[in-house]
Amino acid sequence: MLDKTFDPKTVESRQSERWDAAEIGRPAGDGVPFTVMMPPPNITGSLHVGHALNHTLQDVIVRYRRMKHDRVLWQPGTDHAGIATQMIVERQLAAEGKSRLDFTRDAFIERVWEWKAKSGGAIVNQLHRLGTSPDWSRERFTMDKGLSDAVRKVFVQLHKKGLIYRDKRLVNWDPKLHTAISDLEVEAKPNKGSLWHLRYSIAGMPDRFLVVATTRPETMLGDTAVAVNPQDERYQDLIGRHAILPLVGRLLPIVGDDHADPETGSGAVKITPAHDFNDFEVARRHGLELINIFDRNAHLNENVPERFQGLERYEARKRILAELEELGVLERVEPHDHTLPTGDRSGVAIEPWLTDQWYVDAATLAKPALAAVEDGRTQIIPAQWEKTYFDWLRNIQPWCISRQLWWGHRIPAWYGPDHYIFVEESETEAHAAARAHYGHDVELVRDNDVLDTWFSSALWPFSTLGWPEQTPELSQHYPTDLLITSFDIIFFWVARMMMMGMHFMGDVPFRRVYIHALVRDEHGQKMSKTKGNVIDPLVLIEKYGADALRFTLAALTAQGRDIRLSESRVEGYRNFATKLWNAARFCQMNECHPVAGFDPAAVKLPVNRWAVGELALTAAKMAEALDGLRFSEAALGIYQFAWGSFCDWYLEFTKPLLAAGGGGAVETRATTAWLLDRILLLLHPIMPFITEELFEKLGERDGRLLATASWPEFGEGFVDDGARAEIDWLVRIISAIRSTRSDINVPASAIIPLVLKEANAESLRRVEQYRGLIERMARVDAAEPSREVPAGGAARVGLDEMTIILPLAGTIDFAEEKARLDKELKRVAGEIEKIDKKLGNAQFLERAPEEVVVEQRERRMDYAAAADKVRNALEMLGS
């Protein structure tokens, strides 16, 4: 007998061990290959709610496809997370009073590997707790030997084709970590700053000057031009002349460029090409000088007047402003709220910095990746994200792939005595190339930089399958079938995998890309530590079980819509698990055991034929939804059948049959057991733990696992239209009576008369046949036909051709109930009016965050539905 209550912790631990022992994740059988690439979480990471959503959706699909007998490979692995991992180890060293620089490079890297061996597997263990089922025997790491070999080969091949090169360009420079960082590692933090308006005089025109505005006056020392819009009539006569840079005296060419907006400020813009990304492009268009005024610490360097050299950037700002004010060229200062690009790990303002780095010619690689989505070889779901993908790839810039770190894939480049660069897969090959170049052996110095983490991640779909070796896995599982990921890395990861896959494999890395939405809090707010609204999935698993969290995330995942997650939702689906457990106990206690050879198409009783048909329809709709990646539709479909059709209706309808014994009871017991087994099969991809436990405990399975069972398939003959119409009518009449009772506050204990007005012969037959169920489940008595409405007050509700009348004299006070409903209607109308005023206020719509506006609109819909319900109740009472 099942335990009285469902204990998720015990069940999860035990079933995880059974799955691991059976290696359910290994590709098996000779079915069609179906491959999913797990986005590799950082080894520094801990399971957050985004991980929980992403991996739940992946696991739902791979468990489903496994049950469909596809040869499923869900490829797991982790990412070395260059900056994040190096920072953790450096903090450990700092706690010991040491620095990375106290070690040789090799010794420090060995220390990182030690940390990885000890602590780097936490995220994998947490994914186990969630119930994920990839092929853990194939777990890869972006710095394991095979993947490192692939990285070097890709780098060398791209370099030989001119698609990787070294260049001096602007990068996001972190002056604390002393490395270039990607845009994804830059946070735009709100900043209450100032806008300083400076006057630049015009050479040869003592009465003319241009006013330029800046939030960073210290960068003016690197100005090399002033731009005005060529269509701006105010300044057309100045194009080709020169402005004079205050404090320095440098002549700045005045150029005409569309970057200058006549409607913004004075219409004139200072151009600092070495410290602003937009200005850098202006400089390239006009051949302007690039003057770098900062060193790696963001201190002013030798390219500024001597009195400013060595100053920290913010100290330099103070001194420069003081001198500008003294010169009388600081026209005015005004408060200015703007965003400050900040390193997400260092917490300091990043500096656009001109430096030599390694780049990928992304524009060339992007062309096949664009075409693959345009012509449908790769489908992005929802389709709205195609525009984002296209916009990024059509406007792509060179990809900076070098990082000034020690932990990561070291760039396979060596420098000769004259700085000639040799790019090879090994030092031996580099020396051979140098010998051929110089005619003799020379000393080579290897490049100190490592590759951007996203470079190795871009190779994930084929490097994890064994490339550059032509392995069986590579031939069977590339292209992959599905990638599930979040919108924020469409460019950083998805697009780059597309580029590398098309270039090196000649085909797309995946057929479909599913972009899931953001998980917000219950009010639609983005989760953040500062707001204190972060939901920890591990806490939810501990409290409610992994199945409840998984089902919640699946049920809330509608394509293109952000998820509003609350603990109460998870608690609600924990209650669903409890409901299923209790239903299974009920079946056990009533001896509903699986019957070998049972044929559901042969059952005779209408209630059993109805339940079998509803199950068949649910299975078909659920399979269609999962095939289409419509997760909420699949989850809510099985929820409605399991909780509603099976637990609330079928089990209640069949209690008298089970109690009566005889042939009806035998058929019903077998049908009940068969239905429960199929519920477990359909629900398993979403709630694997409880379904596996119940499957094991409810029958003689000979050690078989539900995880490796077959998805239920139904042919013709399972849906009996007659039985469906009959039992659906029974459900509707009981529901109508229950709903009416609830809406007008009829006490739950009260048994009230039921009168049917204008009922036809078929309805009367059904009432007579199911009288006992109607009276017991709707709490009514003496269901009788009548042409008259009984005196003394009654509630009325229509059902098909007849009117259901519930005489309520002596049961409720009609006047009091009508007064209550009138008061409630006024309250709800008042709430709707308040919301309408907000939504009709242009200032509110302009200033309020989008999620607040959405929440107000949703609240209005809820109140409108509540108002309709009250009006219906008043109508039932004859008001």
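Our structure's up above, just so we're on the same page.
A quick note: this is a predicted structure, and the numbers were derived from the prediction, not measured. (Residues numbered from 1 in each chain as written. Predicted model: local features only at pLDDT ≥ 70, side-chain atom pairs only at ≥ 80, totals over all residues. Heavy atoms only, no water.)

K.L.:
Looking at this structure, I do not really get the overall build of the protein. What am I missing?
P.N.:
Helix and strand counts for the protein stand at 28 helices and 29 strands. On the principal axes, the C-alpha backbone points of the protein span a range of 105 × 65 × 55 Å. Expressed as a percentage of the 879 residues in the protein, the buried residues total 54%. A fraction of 77% describes how many contacts in the protein between residues 6 or more apart in sequence connect residues 24 or more apart. Here the protein contributes 107 positive and 128 negative side-chain charges, whose respective centroids are spaced 3 Å apart. (Helix = DSSP H or I, 4+ residues; strand = E, 2+ residues; numbered from the N terminus. Buried < 20%, exposed > 50% of the residue type's maximum accessible area, 1.4 Å probe, protein only. Contact = heavy atoms within 4.5 Å. Lys, Arg positive; Asp, Glu negative; His and termini not counted. Charge placed at Lys NZ, Arg CZ, Asp CG, Glu CD.)

K.L.:
Would you mind going over the side chain of D135 with me for this structure?
P.N.:
Within the secondary structure layout, D135 lies in the loop between helix 5 (122–130) and strand 4 (140–141). Non-local contacts of D135, meaning those with residues more than four positions away in its chain, are made with G25, R26, P27, L73, W74 and P76.

K.L.:
I keep staring at the packing of helix 9 (residues 362–374) against helix 10 (residues 384–394) and nothing clicks. Help me out?
P.N.:
For any two helices packed against each other, one specifies the inter-axial angle together with the distance between the axes. For the pair helix 9 and helix 10, interaxial distance at closest approach is 10 Å and the crossing angle is 160 degrees. With respect to each other, helix 9 and helix 10 are oriented roughly antiparallel. At the point where helix 9 passes helix 10, the crossing takes the left-handed sense. Of helix 10, the residues touching helix 9 (which contributes A366, A369, L370, V373 and E374) are E386, Y389, F390, L393 and R394. (Axes fitted to C-alpha atoms, helices over the stretch in contact; angles between N-to-C directions. Parallel < 35°, antiparallel > 145°, perpendicular 65-115°, else oblique. Left-handed = near helix turned anticlockwise from the far one by under 90°.)

K.L.:
I'm lost on the packing of aromatic side chains in this one. Help?
P.N.:
Two aromatic rings, taken as a pair, are described by how far apart their centres are and by the angle between their planes. Here the structure, examined in full by the defined rule, presents 36 aromatic pairs. The cationic tip of R199 hangs over the ring face of F209; the distance from NZ or CZ to the ring centre is 5.2 Å. (Phe/Tyr/Trp six-rings, centres within 6.5 Å; stacked < 30°, edge-to-face > 60°. Lys NZ or Arg CZ within 6 Å of the ring centre and 35° of its normal.)

K.L.:
Explain the pattern of salt bridges here, please?
P.N.:
Side-chain pairs of opposite charge can arise where the charged atoms are in close proximity. Enumeration according to the criterion identifies 68 salt bridges in this entry. Among the ionic pairs, D144 bridges to R140, the shortest N-O distance being 3.0 Å. On the accessibility criterion, R140 (18% relative accessible area) is buried. Between K387 and D391 there is a salt bridge, with the nearest N and O atoms lying 2.9 Å from each other. With K387 and D391 both in helix 10, this residue pair falls four residues apart, about one helical turn. The class for K387 is exposed, based on a relative accessible area of 55%. (Salt bridge = Lys/Arg side-chain N within 4 Å of Asp/Glu carboxyl O.)

K.L.:
How should the side chain of D223 be read in this particular structure?
P.N.:
Among the secondary structure elements, D223 is positioned in the loop between strand 8 (205–214) and strand 9 (225–228). Its relative accessible area of 0% is what places D223 among the buried residues. Looking at D223, its side chain comes within polar contact range of the side chain of Y200, at 2.7 Å. Side-chain polar atoms of D223 contact the side chain of T272, separated by 2.6 Å. D223 has contacts with Y200, L245, R250, L252, K270, I271 and T272, leaving out every residue within four places of it along the chain. (Polar contact = N/O pair within 3.5 Å; in protein donor to acceptor, adjacent residues only side chain to side chain.)

K.L.:
How should the packing of helix 18 (residues 567–589) against helix 21 (residues 662–683) be read in this particular structure?
P.N.:
With their axes 11 Å apart at the nearest point, helix 18 and helix 21 run at an angle of 155 degrees to one another. Between helix 18 and helix 21, the angle falls in the class roughly antiparallel. Helix 21 is crossed by helix 18, and the crossing has left-handed handedness. From helix 18, F576, L580, A584 and C587 reach across to helix 21, where they touch T672, L676, I679, L680 and L683.

K.L.:
Looking at this structure, I do not really get the pairing of strand 8. What am I missing?
P.N.:
Both faces of the sheet carry side chains from a regular strand, because those side chains alternate between them. With seven bridges connecting them, strand 7 (residues 186–202) and strand 8 associate as antiparallel partners. Residue R199 lies in a different strand from strand 8, and its bridge partner there is V211. (Pairing = 2+ DSSP bridges.)

K.L.:
Is there a simple way to think about the state of the cysteines in this case?
P.N.:
Here is the idea: a disulfide is a covalent bond, and it sits between the sulfur atoms of two cysteines. The full count for this structure, using the stated rule, is zero disulfides. Not part of a disulfide, C587 finds its nearest cysteine sulfur in C592, a span of 4.9 Å. By relative accessible area, which is 1% here, C587 ends up buried. Taking relative accessible area as the criterion, C592 reaches 6% and is therefore assigned buried. (Disulfide = S-S within 2.5 Å.)

K.L.:
Looking at this model, I keep getting lost on helix 24 (residues 761–769). Mind explaining?
P.N.:
In an α-helix there are 3.6 residues to a turn, and that puts residues three or four apart on one side. Here helix 24 has its buried residues at S763, R766 and V767. Axial view of helix 24: buried residues confined to an arc of 100 degrees, hence all on one face. In this fold, the buried residues of helix 24 make contact with helix 23 (721–743), strand 26 (752–757), helix 25 (771–778), strand 27 (780–786) and strand 29 (802–807). Its side-chain oxygen at 3.2 Å from the backbone nitrogen of E762, N760 defines the N-terminal cap of helix 24. (Arc of directions from axis to C-beta.)

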